[in-house]
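Here is how the chains run, residue by residue.
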Amino acid sequence: MYYHPDINFSSEQILVYLRKSRSDDPTLTVEEVLARHEAILTEWADHHLSAGIPEENFYREVVSGETIDDRPEILRLLRHIESPAIKAVLVVEVQRLSRGDLEDAGRLIKLLRYTNTIVLTPQRIYDLHDEYDRDSFERELKRGNEFLEYQKKIMGRGRLLSVSQGNYLGSLPPYGYDKIFVMDGKRKCPTLAENKEQADVVRMIFDLYVNQDMGYKRICNHLTGLGIRPPHGEQWSPHSLKDLLSNVHYIGKIKWNWRKTVRVVEHSEVINTRPKSHEGDYLVYDGKHKGIISVELFDAAREKMGRNPRIKADRKLRNPLAGLLYCQCGRALSWRTNTRNGIARSAPRYVCDNQTVCGSGSCVCDDLIRQLVSILEDYIRDFKVQMARNNRDSVATHKNTIKQLESTLQKLERKEISQWEKYAEEGMPKEIFDMLNEKVIQEKEDILLRLKNAYEAVPDPIDYQKKIYMFQDAVDALNDDTAPAEEVNRLLKMCIARITYYRDQSVLLRGTKGKDNGLSVGANWSSSPIKLIVSLRI
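Given the structure is predicted, the values throughout are model-derived calculations rather than measurements. (Residues numbered from 1 in each chain as written. Predicted model: local features only at pLDDT ≥ 70, side-chain atom pairs only at ≥ 80, totals over all residues. Heavy atoms only, no water.)

**Description of the overall build of the protein chain**
At step 1: Along its length, the protein chain carries 14 helices and 19 strands.
At step 2: Out of the 538 residues belonging to the protein chain, those deemed buried represent 36%.
At step 3: Approximately 32300 Å² of the protein chain is accessible, and the part contributed by carbon and sulfur atoms is 50%. (Helix = DSSP H or I, 4+ residues; strand = E, 2+ residues; numbered from the N terminus. Buried < 20%, exposed > 50% of the residue type's maximum accessible area, 1.4 Å probe, protein only. Areas by Shrake-Rupley, 256 points an atom, 1.4 Å probe, with all protein chains shown as cover.)

Now the structure itself:
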């Protein structure tokens, strides 16, 4: 028999989890689906339990997601089952707990198994300490994941068909439009309608760029001066303007998969990214909405972008800190040179791309490189000290702590069983039993919490020798004037995730003399110190 009706615990020891899934009727709201499932589980509880399950033991997932980490209620439930007072979780079907990948399934099985939590469904009871129940439970989770992937594929086809018919499926409309719904026969179709105030700004941007030949930075300053706020953030940026000027929505088109989700591995973890697609890598269809600007003006803007590309194909990287160095305001620092007739008039400098707004001071590239080398050398010395100490002892100590906690937990469980036997067989007074049992439960909860924290905090052995080699290679490359910037940049990115730059602008104290190659002239200029915050990758 798959179903075992003998339940030897009370209704207060059962948690109920409710969640709407893609397999439910799409015409029903989340609340309607949860109400139906709650009625099914309440009827089951009335039949098999002596009392109803308390309201505080119900977990209703309103905001759902594909993974466990995307669902706040299941996370709360999983924290709750760590308490020895909880014995079971009641759901309509196993797949409501998770339809994620194998990692989610394994995480769920492990937590339920080692907290001794039984899974109850109207069709079957799963005790995950039993290998056959555990195998059946795992197969149910896998079936749920297969159904999820199938549903995603079907829904993807439906979305693509809807986009090809000119519907706008984005959650947020592009700047210059509002999202509305129109009737196409008996169907409600999402599309775009012109937002008059924002659309006038879009037309002005295209006019400034094409007809008045203004660059991105000048247009940003012009919009800021007029008090026009960007769609996101506080300041207009050249990057956002470039995206706006190349957005095909403004000529009545719809684009699809321009920023599709791509899974990549970083630091041994799979993360979701949404990179911008290159032209030709995304789909464009005629939209149901009207364009804001003419096709001729849009094409002229695209042609102007192509006349002066920012990075030429035959140009080599000059900045060894490209992609690493950022100002305190969050914008990147650029490598700037001052030449006339091919002759350098001053040393290269690092300048914030947003300097006119954030007010940070520039610096000579060599000065910044010398300070970065000093910081990396400090790290190398620290690694040598840590290697001499070696962290293997701390790992062994931590594992010994876990072993002691597990042993204590086993003793408490035996003690709890012994107390129940004395109460049931030897007639221990109830008030004494309640007092002793409550004390044991409290001690178990404390040990479980400490054990959980100990599992999460186990230190990994660190290969300090490898760190020393990598950082020394980066330092040697920075000190080598003949090393290609591409190679220096590659070595630095193996060690460093980000460099944050802080420097106030220099102050003129007296006189009218200028600066030489970035250093103070006499006593006329007071140069602010450079401060670097280096975030390591390893």
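**Considerations on the environment of V284**
At step 1: On the secondary structure map, V284 appears in strand β11 (residues 283-286).
At step 2: Those residues in contact with V284 that lie beyond four places of it in its chain are V248, K253, I254 and K255. (Contact = heavy atoms within 4.5 Å.)

**Section: the packing of aromatic side chains**
At step 1: Applying the stated criterion across every chain yields a total of 10 aromatic pairs.
At step 2: Between F206 and Y250 the ring centres are 6.3 Å apart and the planes differ by 80°, which places this aromatic pair in the edge-to-face class. Here Y250 lies in the loop between α7 (238-245) and β8 (253-256) and F206 lies in helix α5 (residues 196-211), a separation of 44 residues in the sequence. The residues F206 and Y250 share a single accessibility class, namely buried.
At step 3: Counting every residue linked through ring pairs, the aromatic cluster contains Y177, F206, Y250 and F298.
At step 4: A cation over a ring is seen here: K188 above F181, with NZ or CZ 5.4 Å from the ring centre.
At step 5: A cation over an aromatic ring shows up here: R498 above the ring of Y326, its NZ or CZ 4.1 Å from the ring centre. (Phe/Tyr/Trp six-rings, centres within 6.5 Å; stacked < 30°, edge-to-face > 60°. Lys NZ or Arg CZ within 6 Å of the ring centre and 35° of its normal.)

**Topic: the sheet that holds strand β16 (residues 496-502)**
At step 1: The sheet built from 3 strands is open, its strands ordered β12-β16-β19 with mixed pairing. Only two strands of the sheet have a single neighbouring strand rather than two, namely β12 (325-327) and β19 (531-536). Sheet twist, expressed as the average angle between the axes of neighbouring strands with direction ignored, equals 25°.
At step 2: Bridge count between β12 and β16: 3 bridges; the pairing is parallel. Looking at β16, one finds that Y326 is bridged to T500. (Pairing = 2+ DSSP bridges. Axes fitted to C-alpha atoms, helices over the stretch in contact; angles between N-to-C directions.)

**Some words on the confidence of the model for the protein chain**
At step 1: On average, residues of the protein chain carry a pLDDT of 80, and 81% of them reach 70 or more.
At step 2: Within the protein chain, no element has a lower average pLDDT than strand β18 (residues 525-526), which sits at 51, and none a higher one than strand β3 (residues 88-90), at 93.
At step 3: In the model, residues 308-314 has pLDDT below 50 throughout and makes 3 contacts with residues more than four positions away in sequence or in other chains.
At step 4: In this model, residues 508-523 is a region of pLDDT below 50 whose contacts with residues beyond four sequence positions or in other chains number 26 contacts. (pLDDT = per-residue confidence, 0-100.)

**Remarks on the nonpolar core**
At step 1: Ranked by size, the top nonpolar core spans 35 residues in total, and within it L321, L372, L376, L492, I496 and I499 carry the most contacts.
At step 2: Where this core is concerned, the elements lending two or more residues are β12, β14 (343-352), α10 (365-389), α13 (464-479), α14 (485-495), β16 and β19.
At step 3: If you tally residues by element for this core, the top one is α10, at 9 residues.
At step 4: Apart from the residues lying within four places of it in its own chain, the contact partners of I496 are L324, L372, L376, V534, S535, L536 and R537. (Core = buried A, V, L, I, M, F, W, Y, C linked by side-chain atoms within 4.5 Å.)

**Concerning helix α6 (residues 216-225)**
At step 1: Those residues of α6 that fall on the buried side of the exposure criterion are I219, C220 and L223. Here the buried residues of α6 occupy an arc of 105° about the axis, which is enough to place them on one side. Exposed side of α6, more than 90 degrees from the buried face: R218 and G225 are the residues found there.
At step 2: Considering only its buried residues, α6 is in contact with α5 and α7.
At step 3: G227 sits one or two residues past α6 and shows a positive phi near 75°. (Arc of directions from axis to C-beta.)

**Description of a negative patch on the surface**
At step 1: Taken together, the side chains of D366, D473, D476, D480 and D481 make up a negatively charged region of the molecular surface.
At step 2: When you line up the elements, D473 lands in helix α13.
At step 3: You can call D473 partly exposed: its relative accessible area is 41%. (Patch = residues over 30% accessible without salt bridge, like charges linked within 9 Å, V, L, I, M, F, W, Y side chains within 5 Å. Salt bridge = Lys/Arg side-chain N within 4 Å of Asp/Glu carboxyl O. Lys, Arg positive; Asp, Glu negative; His and termini not counted. Charge placed at Lys NZ, Arg CZ, Asp CG, Glu CD.)

**As for the pattern of salt bridges**
At step 1: Under the criterion given, the structure shown has 19 salt bridges.
At step 2: Notably, a salt bridge pairs R60 with E55, separated by 2.8 Å at the nearest N-O pair.
At step 3: By relative accessible area, which is 26% here, R60 ends up partly exposed.
At step 4: Among the ionic pairs, K444 bridges to E416, the shortest N-O distance being 2.8 Å. With K444 in helix α12 (residues 430-456) and E416 in helix α11 (residues 392-425), the pair connects residues that are 28 residues apart, well separated along the chain.
At step 5: With a relative accessible area of 15%, E416 lands in the buried category.

**Quick word on the packing of α5 against α6**
At step 1: At a minimum axis separation of 10 Å, α5 and α6 run at an interaxial angle of 140°. Considering the angle they form, α5 stands oblique to α6. The two elements α5 and α6 meet at a crossing, and its hand is right-handed. Residues V201, M204, I205, L208 and Y209 of α5 form the contact with α6, whose own contacting residues are Y216, I219, H222 and L223.
At step 2: Of the residues contributing to the contact of α5 with α6, the split by class is 8 nonpolar, 1 polar and no charged. (Parallel < 35°, antiparallel > 145°, perpendicular 65-115°, else oblique. Left-handed = near helix turned anticlockwise from the far one by under 90°. Nonpolar A, V, L, I, M, F, W, Y, C, P; charged D, E, K, R; others polar.)

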